[in-house]
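# Working through the structure, step by step
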Amino acid sequence: RNRRRDSTRTMDDEDPVDPRPDLEEACKPKCAKFVTAYEGCVGRVEKDTTGEAHCTGQYFDMWGCIDKCVAPNLFKHTK
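What counts and what doesn't
- Residues numbered from 1 in each chain as written.
- Predicted model: local features only at pLDDT ≥ 70, side-chain atom pairs only at ≥ 80, totals over all residues.
- Heavy atoms only, no water.
- Phe/Tyr/Trp six-rings, centres within 6.5 Å; stacked < 30°, edge-to-face > 60°.
- Buried < 20%, exposed > 50% of the residue type's maximum accessible area, 1.4 Å probe, protein only.
- Core = buried A, V, L, I, M, F, W, Y, C linked by side-chain atoms within 4.5 Å.
- Helix = DSSP H or I, 4+ residues; strand = E, 2+ residues; numbered from the N terminus.
- Contact = heavy atoms within 4.5 Å.
- Salt bridge = Lys/Arg side-chain N within 4 Å of Asp/Glu carboxyl O.

### Things to note about the packing of aromatic side chains
Any pair of aromatic rings gets described here by the distance separating the centres and the angle formed by the planes. Counted according to the given criterion, the structure contains two aromatic pairs. Consider the rings of Tyr59 and Phe60, whose centres lie 5.5 Å apart with planes at 85°: the pair is edge-to-face. Relative accessible area serves as the criterion here: at 57%, Phe60 is assigned to the exposed category. A network of ring pairs unites the aromatic residues Tyr38, Tyr59 and Phe60 as a single cluster.

In structure tokens form, the structure reads like this:
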């Protein structure tokens, strides 16, 4: 079916906005310990010449904290 669209758009017609990036940024201060550990690790890995260093543990710790903080608020934004 072809329906002609009216030039006026309602809020429901707009593309949805993902609230997650903003919520993640808002949670980073609550997870400062993990963010700092990850960023410190990244700095060390950048200086590593062996190619064996990684920050996998710190990465998962940081995002685990952020995800735990974001989850309760994220679902408030779903329809």
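### Quick word on the nonpolar core
Ranked by size, the top nonpolar core spans ten residues in total: Leu23, Cys27, Cys31, Val35, Met62, Cys65, Ile66, Cys69, Val70 and Leu74. Considering every element that reaches this core, the biggest residue donor is helix α3 (residues 56–74), with six residues. Leave out the neighbours within four places in its chain, and Val70 touches Arg20, Leu23, Glu24 and Cys27.

### Focus on the pattern of salt bridges
Going through the model one piece at a time under the given rule, you end up with three salt bridges. With a closest N to O distance of 2.8 Å, Arg20 and Glu24 form a salt bridge. One end of the pair is Arg20 and the other is Glu24, both in helix α1 (residues 20–27) and four residues apart, which spans about a single turn. For Arg20, a relative accessible area of 24% puts it in the partly exposed group. Here Glu24 falls in the buried class, since its relative accessible area comes to 15%. Its salt-bridge partner being Glu25, residue Lys28 comes within 3.1 Å of it at the nearest N-O pair. Among the residues examined, Lys28 registers a relative accessible area of 26% and is labelled partly exposed. Residue class for Glu25 comes out partly exposed when judged on its relative accessible area of 49%.

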